[in-house]
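So you can see what is in the structure, the chains are spelled out below.
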Amino acid sequence: VQALHEWVFIDTKNNIVSQISADEIHPASENTMLIKQSGMYGLLDNQLQVLTPIQYGRLERYIPGLYIARAGKKTGVITINNTAAVPFKYDSLAAENGILRARQNIEGWSLLTSENTSLTAKYYDWIGPETDGLYPVINNHYWGAIDSKGSEVIHCIFDSLVQISGGLLVVKFKGSYGIINSSEDWIVAPQS
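The shown structure was predicted, so the numbers you read here are calculated from the model rather than taken from an experiment. (Residues numbered from 1 in each chain as written. Predicted model: local features only at pLDDT ≥ 70, side-chain atom pairs only at ≥ 80, totals over all residues. Heavy atoms only, no water.)

K.L.:
What exactly am I supposed to notice about the overall build of the protein here?
P.N.:
Counting its regular elements, the protein contains zero helices and 21 strands. The C-alpha radius of gyration of the protein comes to 22 Å, more than 25% above the 16 Å expected for a compact globule of 192 residues. In terms of overall dimensions, the protein has C-alpha extents of about 70 × 35 × 35 Å along its principal axes. Here the protein, with 192 residues, has 39% of them falling under the buried criterion. Of the contacts formed within the protein by residues at least 6 apart in sequence, a portion of 20% connects residues at least 24 apart. For the protein, the computed accessible surface area is about 10600 Å², with 50% contributed by carbon and sulfur atoms. Treating the 14 positive side-chain charges of the protein as one cloud and the 19 negative ones as another, the clouds have centres 5 Å apart. (Helix = DSSP H or I, 4+ residues; strand = E, 2+ residues; numbered from the N terminus. Rg over C-alpha atoms; globule rule 2.2 N^0.38 Å. Buried < 20%, exposed > 50% of the residue type's maximum accessible area, 1.4 Å probe, protein only. Contact = heavy atoms within 4.5 Å. Areas by Shrake-Rupley, 256 points an atom, 1.4 Å probe, with all protein chains shown as cover. Lys, Arg positive; Asp, Glu negative; His and termini not counted. Charge placed at Lys NZ, Arg CZ, Asp CG, Glu CD.)

K.L.:
Before we go on, may I ask you to explain unusual backbone geometry in this structure?
P.N.:
With the exception of glycine, the majority of residues adopt a negative phi angle, and the majority of peptide bonds are in the trans configuration. One non-glycine residue, Ser38, lies in positive phi territory at about 50°. Assignment of secondary structure puts Ser38 in the loop between strand E4 (32-37) and strand E5 (40-45). Notably, Asn140 is not glycine yet its phi reads approximately 55°, a positive angle. Taking the relative accessible area as the measure of exposure, Asn140 reaches 55% and is therefore exposed.

K.L.:
What is the right way to read the sheet that holds strand E15 (residues 135-139) from this model?
P.N.:
Two pairing modes exist for strands in a sheet, parallel and antiparallel, and in both the strands are linked by backbone hydrogen bonds. On the basis of which strands lie adjacent, the open sheet formed by four strands has the order E14-E15-E16-E17 and antiparallel pairing. The outermost strands of the open sheet, each flanked by one partner alone, are strand E14 (126-127) and strand E17 (152-158). Where strand E16 (residues 142-146) and E17 come together, three bridges link them in antiparallel fashion. Note that in E17 the partner of Trp143 across the bridge is Phe158. (Pairing = 2+ DSSP bridges.)

K.L.:
Where do I start with a nonpolar patch on the surface in this structure?
P.N.:
A contiguous nonpolar patch, built from Val8, Ile10 and Ile16 and spanning about 280 Å² of accessible area, is present on the exposed surface. Here Val8 lies in strand E1 (residues 5-10). Its relative accessible area of 43% is what places Val8 among the partly exposed residues. (Patch = residues over 30% accessible without salt bridge, like charges linked within 9 Å, V, L, I, M, F, W, Y side chains within 5 Å. Salt bridge = Lys/Arg side-chain N within 4 Å of Asp/Glu carboxyl O.)

Structural data, given as structure tokens:
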């Protein structure tokens, strides 16, 4: 077994201030560091004191004071003091602009707030990353889009969403391609 790397912190005169054994150490915020030991993650303060035990398979900063964490096969959100802000019941969590895209294997995908409030009225087969203020979604094999409040602004009736840019969407509809705006008005009618 290979021993963990030894991390040494020095002052401006090259005097050793502190040291710790870890695979990796990265800044997580101004006052915290992300530590990885033997494939597990935790949080340290600037004095190398443990804030969050080194017990998570994944740990990444979500918003100030909150971190997306994976414990076993489930993902949730924890505070810096290791209390659950979003319970560990999700199979996948991804964050953009403070909003969580959450997946549960049985129910599907939804949008959540940091307080674990669902923004979407229903579950989707898939919710993609935010693009130009919209989240592409799939429901019953058809594509649409929702906004950051969880409202379905583009109904799930399209074969696919090819591109979202500048408030316009290139869509495939019944085998033909066209361009619509966010009100679902055709800017360019479907054509081959």
